[in-house]
Amino acid sequence: MEKEYKQAPIPFVGQKRLFLKLFKEKLHNIVPEDGEGWTIIDVFGGSGLLSHFSKRQKPKARVIFNDFDSYSERLRHLDETNELLDLLRVALKDVPIRGKCPPESRKKACDVIRNFQGYKDVLVLSKSILFSAVMVKDLEQLLMCKTFYNRIPKSNYSCEGYLNGLEIVKKDFRELIRDFGTQENVFSSVG
């Protein structure tokens, strides 16, 4: 059996991990055993956690992940993200975990990020080098932050099997509700 994730594999603002227990209860009360003949729609998909969880709980159901935030694209680039984190670990090797970076270490980290030719996941980078309460919207804003911290996870991220069996769409939530709202045997994350 495939791994069942209890949280999204990489950072996502607003992920629904605290909602899983309630969601599981509702899912099991409405959708029978293995979900055969049912469609489960994660209307506000976010990190896809509810979609992933639904497919593991109801393996024969059709599960639709509305990936409006392009989370699956971030996962497709996970090898590059991990490669960049490896380079940052080396650049910040003299900074204690959760320690504040001195100016020369901050500069090294900025240089590593600027010179990296692959995909740059701003949310993962933010979680790895900024104070936890600081949010940035893009790479430029991240690099302008005056203070960095070494918050890089000790091990690389993994998403093995996370999206397996999911039908991934990118639609306005109203369109999904309109498409499936009157059909029988449909369970959606909006009730």
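The structure this text deals with has already been given above.
So, a few notes on the structure that sits alongside this text. As the structure is a computational prediction, the values presented were derived from the model and not from experiment.

Taken N-terminus to C-terminus, the directions of helix α4 (residues 78-91) and helix α6 (residues 122-129) make an angle of 25°; their axes are 11 Å apart at the nearest point. The angle between α4 and α6 places the two elements in the roughly parallel class. Our pair here, α4 against α6, has a crossing hand that is right-handed. Residues Thr-81, Leu-84, Leu-85 and Leu-88 of α4 form the contact with α6, whose own contacting residues are Val-124, Leu-125 and Ser-128. A breakdown of the residues in the contact of α4 with α6 according to their chemical character gives five nonpolar, two polar and no charged.

Working note: regular strand, side chains alternate between the two faces of the sheet. Most of strand β2 (residues 62-66) sits inside the fold, with four of its five residues counted as buried. The pairing of strand β1 (residues 39-42) with β2 spans four bridges and is classified as parallel. Directly across from Ile-40, in β2, lies its bridge partner Val-63.

About the criteria used
Residues numbered from 1 in each chain as written. Predicted model: local features only at pLDDT ≥ 70, side-chain atom pairs only at ≥ 80, totals over all residues. Heavy atoms only, no water. Axes fitted to C-alpha atoms, helices over the stretch in contact; angles between N-to-C directions. Helix = DSSP H or I, 4+ residues; strand = E, 2+ residues; numbered from the N terminus. Parallel < 35°, antiparallel > 145°, perpendicular 65-115°, else oblique. Left-handed = near helix turned anticlockwise from the far one by under 90°. Contact = heavy atoms within 4.5 Å. Nonpolar A, V, L, I, M, F, W, Y, C, P; charged D, E, K, R; others polar. Buried < 20%, exposed > 50% of the residue type's maximum accessible area, 1.4 Å probe, protein only. Pairing = 2+ DSSP bridges.

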